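# Analysis of the macromolecular model
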Amino acid sequence: MMASRHVPGRAALAVAERSRGAVGAPGLTVLGCGSALPGRRITNDDMAQMVETSDEWISTRTGIRARYWCDRAAGENQRSLAAEAARRALAASGVAADEIGICLVATFTPEHATPSTACLLQRDLGLPEDALCLDVNAACAGFVYALYTASCLLSVDSHRFALVVGAEELSRVMDMGDRSTCVLFGDGAGAAVVELDPVGPGLSAVWGSRGNDDALVAGGPGTERPPYLAMDGRAVFRFATEVLPACTKEVLARAGIGPDEVDRYVFHQANKRIVDVAVRKLHLDPARCAGNIDHTGNTSAASVPLLLDELVRAGEVRSGDRVVLAGFGAGLTWAGCLVTMGPLGN
Ligand code: ACO
C-alpha cells in the first residue's frame, strides 16, 4: 500500500483563500485521464436499418458518422464504462486508488437510482471508505459541474486527489420511434484524476441553470413522460449557440487571459454545427477546437472527458497545456472552466 499523500487542511484552505478573491474556486491540475467506449459500433448506415434516416442526413446536420452502444448481454453498462475509464485515469496519473479522497460521477443514466455510481466505484476500484462519493446530474454540463465541485471540496478537505468521471449509457433512454433524437446519442465514459493547482490562474469556473422541462427532458418512473430522452432540437440548438460562446468568453475573462493563451478548447460534442458557431463567434483557431463527434456521437456527461483523453493519447494535449472545458445540456445547464495539464508523460 502506498503512503498516504494527504495535505494539511490549513494548506489547502490557504490555496482557496488566495484564489477566491480573484477567480473563485482554486485551479485544478489534471494528473491523468482515461476513457472507455463499449464494443458495439453503430454506423449511420446501421441506424438507417433501424429508423428512416440516412448517413447523408445525419452527417451533414451533426457531423456524426458512428456511435457506440453498450452490449448488455456482454456485461457492458454505465457502471462498467465508468469503472474502466476511472481505472485508466488512475493508471495514467500514478495516483493509487487508496489516495482518492473525492469521487464524483457526472451522469443522468446511472445503473440504479440509488446507490450512486460513485458509491459503487468505491467498491469497484477499491477507493478508501472515507472518500466522499457522489453523483452529479447536470446532463451534458455535468463533468464541468463536477470539476468545480471537486475544486471546492479539495480546497476544504485534507485529501489531495479527486477522481472525476463522466459516464452515460444513453442507448438505454433513446426513443427509437423518434428519428430526430435517436440518431444523435452514444454510450461512453471519461475520467480525470485532479489535484489543486496553487499557482495557475484558477479554475475560472462559470456555470448556470435555466429550469426548463420542455426543450430537453428524459422521463422515468413516477412521471407522466415515457422513460426516453425527448428534445426540441431547434430550441436546444438556439440555446447551445447562445451559452457555449458566452460561457467560454466568461471563463477567459475570469482567468484574465486571451483566446490564444489557451492551448485547447474541449467543447461538449452535441453537434459539430454548434461547436462551429461557437468557434466563429469567438474567433478561435479551429485547430484548437477539434472534436470527436464523428465517431462517438453525443455522449452527454462523458463527452468532455472522453474527448480530453483522446486528445492526450493522440499527443495533441501535452503536459503544461492550458485547456478550457465547456458543456451545456438538459436542465437547462451550462458550465465552463480552465484546467492545467500535469505531467502526462507525452
Ligand atoms: N433522418 C432523416 N430525416 C430526419 C431525421 C433523421 N434522423 N430527423 C428529422 N428528420 C426530418 C424531419 O422530419 C424534418 O422533415 P420535414 O421538413 O419534412 O418535416 C427535417 O428532417 C428537418 O427536421 P428538423 O428537426 O427541423 O432538423 P434540424 O435541421 O433542426 O436538425 C437536429 C435536427 C440535428 C437535432 C438539430 O436541431 C440539433 O442539433 N439540435 C441540437 C441538439 C443538441 O445539441 N442536443 C444537445 C443536448 S443533449 C443533452 O443534453 C442530453
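For the structure itself, look to the data block above.
Let me sum up the structure you'll find in this document.

Our next topic: the layout of surface pockets. In this structure, the largest pocket encloses a volume near 1,100 Å³. Lining the largest pocket we find 49 residues, and of these T181, F185, L216, L229 and M231 sit closest to its centre. The biggest single contributor to the lining of the largest pocket is helix α8 (residues 233-255), with 4 residues. The residue makeup of the lining of the largest pocket, split by class, is 24 nonpolar, 18 polar and 7 charged.

We now examine the site of the ligand. If you check the shell around the ligand, you find 24 residues, and the closest are T53, C140, G233, R234 and N271. Contact between the ligand and W57: an oxygen atom at 3.2 Å from a side-chain N or O atom of the residue. One of the backbone nitrogen or oxygen atoms of A330 is found 3.2 Å away from an oxygen atom of the ligand. Within the complex, 75% of the 1,000 Å² of free accessible area of the ligand lies under protein. Put simply, the parts of the chain that give the shell around the ligand at least two residues each are α3 (55-62), α7 (179-182) and α8. Considering every element that reaches the shell around the ligand, the biggest residue donor is α8, with 4 residues.

This part is about the packing of aromatic side chains. The tally for this structure, following the rule as stated, stands at 3 aromatic pairs. The interplanar angle of 25° and the centroid separation of 4.3 Å between the aromatic rings of Y148 and W207 together place this pair among those described as stacked. Taken together, the positions of Y148 in helix α6 (residues 142-156) and W207 in strand β8 (residues 206-212) put the pair 59 residues apart, joining distant regions of the chain. For W207, a relative accessible area of 42% puts it in the partly exposed group.

Summarising the element assignment, D309 is placed in helix α11 (residues 303-313). Of the residues examined, D309 reaches a relative accessible area of 3% and is grouped as buried. Those residues in contact with D309, other than ones at most four positions away along the chain, are C33, G34 and S35.

As a further point, take the pattern of salt bridges. This model, assessed by the stated rule, comprises 14 salt bridges. A salt bridge links E169 to R72, with the shortest nitrogen-to-oxygen separation between them at 2.6 Å. Note that E169 is positioned in strand β6 (residues 161-169) and R72 in the loop between β3 (66-69) and α4 (78-93), a separation of 97 residues in sequence. Across the pair E169 and R172 runs a salt bridge whose closest N-O atoms are separated by 3.3 Å. When salt bridges that share partners are traced, they join R72, E111, E169 and R172 into one network.

This part is about empty space enclosed by the protein. If you walk through the whole model with that rule in mind, you get 1 cavity of 30 Å³ or more. The space that makes up the largest cavity amounts to roughly 30 Å³. For the largest cavity, the full set of lining residues is G27, L28, D197, G200, P201, G202, L338, V339 and T340. The element best represented in the lining of the largest cavity is strand β13 (residues 331-341), accounting for 3 residues. Across the lining of the largest cavity, the residue classes tally to 4 nonpolar, 4 polar and 1 charged.

Counting residues in each nonpolar core, the largest one holds 46 residues, and the members touching the most others are M47, Y265, F267 and F328. When residues of this core are traced back to their parent elements, those giving at least two are α8, β11 (264-267), α9 (272-282), β12 (322-329) and β13. Aside from chain neighbours lying at most four places away, what touches Y265 is T248, L252, P259, L284, R288, C289 and V324. If you look at the next biggest cluster of nonpolar residues, it comprises 37 residues, including A141, V164, V323 and A335.

You can see M50 is positioned in helix α2 (residues 44-50). M50 gets classed as partly exposed once you look at its relative accessible area, which sits at 40%. In this structure, the C-alpha to C-alpha distance between M50 and T340, residues 290 residues apart in sequence, is 43 Å. The contact partners of M50, leaving out residues within four places of it in the chain, are I42, W69 and M176.

The next point concerns the packing of α4 against helix α5 (residues 117-125). Where α4 contacts α5, the two axes come as close as 10 Å, and the packing angle between them is 55°. In terms of their interaxial angle, α4 and α5 are classed as oblique. Crossing hand, α4 versus α5: right-handed. Across from Q78, R79, A82, A83, A86, R87 and L90 in α4, the residues of α5 making contact are T117, L120, L121, R123, D124 and L125. Per-class residue counts for the contact of α4 with α5 are 7 nonpolar, 2 polar and 4 charged.

Okay, unusual backbone geometry next. T114 connects to P115 through a cis peptide bond whose omega is 5°. Tracing the chain through its elements places P115 in the loop between β4 (100-106) and α5. Phi is positive for A139, which is not a glycine, with a value near 50°. Residue placement: A139 occurs in the loop between β5 (132-136) and α6. The buried category is assigned to A139, whose relative accessible area is 5%. Of note in the backbone geometry, H283 takes a positive phi value of approximately 55° without being a glycine. Here H283 is to be found in the loop between α9 and α10 (293-296).

About the thresholds
Residues numbered from 1 in each chain as written. Predicted model: local features only at pLDDT ≥ 70, side-chain atom pairs only at ≥ 80, totals over all residues. Heavy atoms only, no water. 1 Å grid on protein atoms, 1.4 Å probe; cavity = no way out; pocket = protein on both sides within 12 Å on 5 of 7 lines; lining within 4 Å. Points joined across faces, edges and corners; volume = space filled by probe spheres on them. Helix = DSSP H or I, 4+ residues; strand = E, 2+ residues; numbered from the N terminus. Nonpolar A, V, L, I, M, F, W, Y, C, P; charged D, E, K, R; others polar. Near = heavy atom within 4 Å. Polar contact = N/O pair within 3.5 Å; in protein donor to acceptor, adjacent residues only side chain to side chain. Areas by Shrake-Rupley, 256 points an atom, 1.4 Å probe, with all protein chains shown as cover. Phe/Tyr/Trp six-rings, centres within 6.5 Å; stacked < 30°, edge-to-face > 60°. Buried < 20%, exposed > 50% of the residue type's maximum accessible area, 1.4 Å probe, protein only. Contact = heavy atoms within 4.5 Å. Salt bridge = Lys/Arg side-chain N within 4 Å of Asp/Glu carboxyl O. Core = buried A, V, L, I, M, F, W, Y, C linked by side-chain atoms within 4.5 Å. Axes fitted to C-alpha atoms, helices over the stretch in contact; angles between N-to-C directions. Parallel < 35°, antiparallel > 145°, perpendicular 65-115°, else oblique. Left-handed = near helix turned anticlockwise from the far one by under 90°.

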